[in-house]
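So the chains spell out like this:
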Amino acid sequence: MTGTVPLDRRQRRRQETIEQVLDVAVEVMADQGVAGLTLGEVARRMGIRPPSLYSYFDGKNALYDALFERGWRELLAVMRETDAACDGVDLAADLLVMETAFVRWAVEHPAYAPLMFWRPVPGFVPSSQAYAPALELERQSRAFLARLRDAGLLPSDADLDLVYRTQTAVVSGVITQQLANAPQDPFESGSFTSTLPDVVAMWLAHHGGARNRTSD
């Protein structure tokens, strides 16, 4: 039993170091852009020699992979909390709450967002493990859209795949415009984030309107 204690302690220290590396990598991406991340700069900021990082990541793409997974896990946790806090009575209002939480997280984490949404690093493809939380969030989003349909806010025969794709296009457009053109604006009064209530209402009216047109 006593022989396992040092191993647990080493594992804990290793994980703490990995988290520190990721924290510093985020700082580098915030300062120099996602594509500007280098193991050398991370090592310099940590006060260690670059080869030391290879004990934790076998290259820059492995570091990107860990950052990609970490970002999506953090966003997934936020969206699960947001979904749990919605009362489920006014689903149109819940929709805006959900989209607002998603967009807010993205624009308030500008180092992560490009890596997660824009694929700015040539040759980097996230691993299946890193991509798993993104797929879980997609499942959560699709389930919410099904609830909108079942509540009558979308047509009963709505193409939920199309609905999901237009939803993501609209939301990602707000994120992209804000980060590209007004990154210093606060979320509430951002040039593009402040349009979110109108954008979500237009999206819902468009897809909900399909129900009304078919019933006329």
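As a starting point, this report considers the structure included with it. Remember, it's a predicted structure, so these values are computed and weren't measured experimentally.

Let's talk about the overall build of the chain
The helix and strand tally for the chain stands at 8 helices and 0 strands. For the chain, the α and β elements follow one another from N to C terminus as α-α-α-α-α-α-α-α. Judged by the C-alpha coordinates and their principal axes, the chain covers about 70 × 50 × 30 Å. Taking the intrachain contacts of the chain between residues at least 6 apart in sequence as the baseline, contacts between residues at least 24 apart amount to 66%. Total accessible area on the chain is roughly 11,600 Å²; 54% of this is exposed by carbon and sulfur atoms.

Regarding empty space enclosed by the protein
Empty space among the atoms becomes visible once a probe the size of a water molecule is rolled across them. Enumeration according to the criterion identifies 1 cavity of 30 Å³ or more in this entry. Here the largest cavity is characterised by a volume of approximately 40 Å³. In terms of lining residues, the largest cavity is bounded by Leu 95, Glu 99, Gln 167, Val 170, Val 171, Val 200 and Trp 203. Looking at the lining of the largest cavity, the element that brings in the most residues is helix H7 (residues 160-181), giving 3 residues. Of the residues belonging to the lining of the largest cavity, the class tally is 5 nonpolar, 1 polar and 1 charged.

Some words on the packing of aromatic side chains
One pair of aromatic rings is described through two measures. These are the centre distance and the angle between the planes. Scanning the model with the defined rule gives 7 aromatic pairs in all. Taken together, a centroid distance of 5.9 Å and an interplanar angle of 15° make the contact between Phe 68 and Tyr 131 stacked. One end of the pair, Phe 68, is in helix H3 (residues 60-85); the other, Tyr 131, is in helix H6 (residues 128-150), with 63 residues separating them in the sequence. We classify Phe 68 as buried; its relative accessible area is 0%.

Notes on helix H2 (residues 39-46)
Along H2, the residues that are buried comprise Leu 39, Glu 41, Val 42, Ala 43 and Met 46. Note on H2: the residue one or two positions beyond its end, Gly 47, has a positive phi of about 75°.

Procedures and definitions
Residues numbered from 1 in each chain as written. Predicted model: local features only at pLDDT ≥ 70, side-chain atom pairs only at ≥ 80, totals over all residues. Heavy atoms only, no water. Helix = DSSP H or I, 4+ residues; strand = E, 2+ residues; numbered from the N terminus. Contact = heavy atoms within 4.5 Å. Areas by Shrake-Rupley, 256 points an atom, 1.4 Å probe, with all protein chains shown as cover. 1 Å grid on protein atoms, 1.4 Å probe; cavity = no way out; pocket = protein on both sides within 12 Å on 5 of 7 lines; lining within 4 Å. Points joined across faces, edges and corners; volume = space filled by probe spheres on them. Nonpolar A, V, L, I, M, F, W, Y, C, P; charged D, E, K, R; others polar. Phe/Tyr/Trp six-rings, centres within 6.5 Å; stacked < 30°, edge-to-face > 60°. Buried < 20%, exposed > 50% of the residue type's maximum accessible area, 1.4 Å probe, protein only.

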